[in-house]
Amino acid sequence: MSTATATEHASGDGRARPKWLLHHFDTPAQQFGTARLGMWLFLAQEVLFFGALFVIYSVFRASYPEMFKAASQQLDKIMGTTNTVVLIFSSLTAALAVNAAQKGKRHATSLYLLVTIACACVFLAIKFFEYQHKFDAGLLPGPAFKPIDEHLVKGLDLKSNSGSFFALYFMMTGLHALHVVVGIVVFIWILIRNLRGNFSKEYFTAVDITALYWHFVDLVWIFLFPLFYLI
Amino acid sequence: MAAITTAPGTYDEVDPNTSYLENNKGLMGWLFTLDHKRIGVMYLISVLMAFALGGIFALLLRAELFTKGQTLIDAETYNRAFSLHGVVMIFLFLIPAIPAALGNIILPIQLGAKDVAFPKLNLLSLYIYVFGACFAVYSMIHGGVDTGWTFYTPYSSSDPAHGGVGTSSSVIPMTLSVLIMGFSSVLTGVNFIATIHKMRAPGLTWRRLSLFAWSLYATAIIQILATPVLAITFLLLTMERFLGLGIFDPRLGGDPVLYQHFFWFYSHPAVYIMIVPGMGIVSDLIATFSRREPFGYMAIAMSSIALALLGFLVWGHHLFVAGMSEYATMVFSALTFLVAIPSGVKVFNWIATLYKGSISLQSPMLWALSFIFLFTIGGLTGLFLGMLAVDVHLHDTYFVVAHFHYVMVGGTVMGFLGGLHYWWPKFTGKLYNESWAIAGWLFVFLGFNVTFLVQFVLGSRGMPRRSYDYLPQYEFLHQISTVGSWILGFGFLLLGAMFVRSLLNGRPAPRNPWGSAALEWMTPTPPPPYNFVSDPVITRGQYDYHLATDDELYEGFDDPLLSHKSRKGGVDEGKEDA
Ligand SMILES: [Cu+2]
């Protein structure tokens, strides 16, 4: 292996090295591509993370189809549908934020980011009321499952082992909600950086990869919603 | 960028004539460094501490088994000792040992890069590892766990404090510890794949990648795809113990075999997280110390990837007697045999590389050769266990214990030590005493075989694993095994003393002490903060010994400018000399 001597580093070609270009990268394209690849790899592990839960869901559903059918009627379809719409809309605004950032429109970017954050908060608020109702009705995981008739929705009779359904419901929607919280925190940070003027037509990496993450969070919900609320 | 950055921004701000050790001295310069070499060194110190701790548990176990009945500790303590030995060795040592410690130090240099793709994530992964390790220590202070490193449910998940029937030991902090350290492993995996894809120097094509880099790539695939499944499994286990979810406990409507499927869906591939990087190191060592381009370079590289992918399809071989459809067991058995193919490809290619090579038996090479020998035994005995009928007899016996120690110690630890000896002069800048190194190797190699070879016999005669007491006919073999563990322990002490001596008053290492043609030996020793004095441009492969001049073959590749000035093709019979 031989090493030819000095090729000049990126700043040597006459152009100034932009200050957002990190020390170990040669070109902006390399930095942007690396960040995107990193996020895709992270999402790959997320797929396996939620994938494991979906497998457990399938196993239990196949074992106890009647129990799942009855327990699923206790979930609020209207709240669930509203949340689905809210989340899909926030995905749209996240994509619009990236689009605006690419064009260097700082104010539009801020506006879209703000709407995305607001939608995410609405989602969590609705989720909070759903959880509250489940707690009131005693629809809780495992041995804590003690349904209180007056709070229940009319429908099929609940089986005594429905605790497993609510264990999965709380674990899966809870972990999803945790991802929403993380998304909100990161979006707020992105918003602050945007207001500070950190982003430009040339550099909008953070907006881009955060939106990528957000689309994934939405996609998980798109699977969770029918599995728990509809079928 | 961020306030904690201590690595400067460009070449203009860093003096290429200072080494990474001298640049930014002081504790803060280390704790907040973004330099992959420093992060790797801190990882190395952490995993070596874990190795020592796991080793103490091992010695304790073997001492207890020296005689029938109680020898040193009671049965309760014994259960905790073997569980902690397993947890510490696997999750705190074997998983991060090669990728996060040695890989971190060497990979970017082998790629001609200034750093890994995400230096801050790299530092974060170190701190997550340390944070996770704190939970493990907390658990140990509170009595540790007695579940075995496998945490099988419902024993682990059913808490007597909540009316359960399982263990009352400190399970939750331990599973949380493993869960947290899993995130650190994922971050390392993400970092390495992005680094290998995006940070290679100009001219460093995929076909010129070092085999160690290929192996880390394969390892990273497993880290990213398998670790999250363990994370979710341990999260569910923790919640089950805490709240009684009813996922794994049959009394609550759960399925304990489901836990085993999930656990092994991670833990079989995890075996490849441990062994594949060791194979990568061995490939590099064999090329360097036999002065040959690895025979079947692409086959070795691709067999790493094949192992990574096949590893996901065979987890069921741990459940042959756990209650599974017999058709499923047949499929898992057949798939398990497939794993032998890429492993065999590697072993045959290494041997073909050695054939007519100019072999020098320096200390790193001794570890590489031990790896081939011991890993072959470990791999072949794995086939016994993959056979359905044979496994019914051998399952949960010392045969299994011996098998995986031949893979994990005979494989991973030998590879790790080979890499540590090989790269030690590069990243510390110090030479070590070769005679001590060879003596240490001799004790470790002998001690290891004395300890574990007899365990194959014990297991095939029916000695169950994890057992505190045994029948009188097993006593003699247990005693041999325990004496072996003392030899092994002494060997490690010797190596530890040798490395400490090297740090304290070792002679300064030259740029290329082994005369290797690989890229990491072309940069000064120890490397400057950005690894090279200026951006390297790669004009030939890491192993192109056949393109070398006679001088280079005999004197080693010292001057990076010499090697492409006078290049001569077809020199392939460099004889071992002086
Ligand atoms: Cu396995």
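Colleague: An account of the pattern of salt bridges is needed here, citing residue identities and associated values.
Modeller: Summed over all chains, the structure comprises nine salt bridges over all chains. For B:Arg80, the salt bridge goes to B:Glu76, with nearest N and O atoms at 3.6 Å. Placement of the pair is B:Arg80 and B:Glu76 together in helix H3 (residues 75-110), with a separation of four residues, close to one helical turn. The class of B:Glu76 is partly exposed, set by a relative accessible area of 44%. Salt-bridge contacts for B:Asp535 lead to B:Lys114; the nearest nitrogen and oxygen are separated by 3.8 Å. Pair noted here: B:Asp535 is in strand E1 (residues 535-538) and B:Lys114 is in the loop between H3 and helix H4 (119-141), with a separation of 421 residues, a long-range link. One network of salt bridges, with partners in common, ties together A:Asp26, B:Lys114 and B:Asp535.

Colleague: I'd like a rundown of empty space enclosed by the protein, residues and numbers included.
Modeller: Residues and elements named next belong to chain B. Applying the stated rule across the entire model yields three cavities of 30 Å³ or more. A volume near 130 Å³ is recorded for the largest cavity. The wall of the largest cavity is formed by 17 residues, among which Phe91, Ile95, Met181, Gly182 and Ser185 lie closest to the centre. Elements with a minimum of two residues in the lining of the largest cavity: H3, helix H5 (171-198) and helix H6 (211-243).

Colleague: Describe in detail the interface of chain B and chain A, supporting the description with residues and values.
Modeller: Each partner contributes residues to the interface: chain B has 58 residues there, and chain A has 43 residues. It is B:Lys198, B:Ile232 and B:Leu245 in chain B that bury the most area against chain A; as a group they hold 12% of the surface buried on that side. The interface formed by chain B and chain A includes one salt bridge. A:Asp26 is the salt-bridge partner of B:Lys114, the closest N and O atoms lying 3.2 Å from each other. The interface formed by chain B and chain A contains seven residue pairs in polar contact (both at pLDDT 80 or more). Going through the elements one at a time, H5, H6, helix H7 (256-290) and E1 of chain B are the ones with two or more residues in the side of chain B that touches chain A. It is H6(B) that contributes the most residues to the side of chain B that touches chain A, ten residues altogether. Classifying every residue of the side of chain B that touches chain A by side-chain character gives 39 nonpolar, 13 polar and six charged.

Quick notes on the rules
- Residues numbered from 1 in each chain as written.
- Chains lettered and ligands numbered in written order.
- Predicted model: local features only at pLDDT ≥ 70, side-chain atom pairs only at ≥ 80, totals over all residues.
- Heavy atoms only, no water.
- Salt bridge = Lys/Arg side-chain N within 4 Å of Asp/Glu carboxyl O.
- Helix = DSSP H or I, 4+ residues; strand = E, 2+ residues; numbered from the N terminus.
- Buried < 20%, exposed > 50% of the residue type's maximum accessible area, 1.4 Å probe, protein only.
- 1 Å grid on protein atoms, 1.4 Å probe; cavity = no way out; pocket = protein on both sides within 12 Å on 5 of 7 lines; lining within 4 Å.
- Points joined across faces, edges and corners; volume = space filled by probe spheres on them.
- Contact = heavy atoms within 4.5 Å.
- Buried area = accessible area lost by both parts, 1.4 Å probe.
- Polar contact = N/O pair within 3.5 Å; in protein donor to acceptor, adjacent residues only side chain to side chain.
- Nonpolar A, V, L, I, M, F, W, Y, C, P; charged D, E, K, R; others polar.

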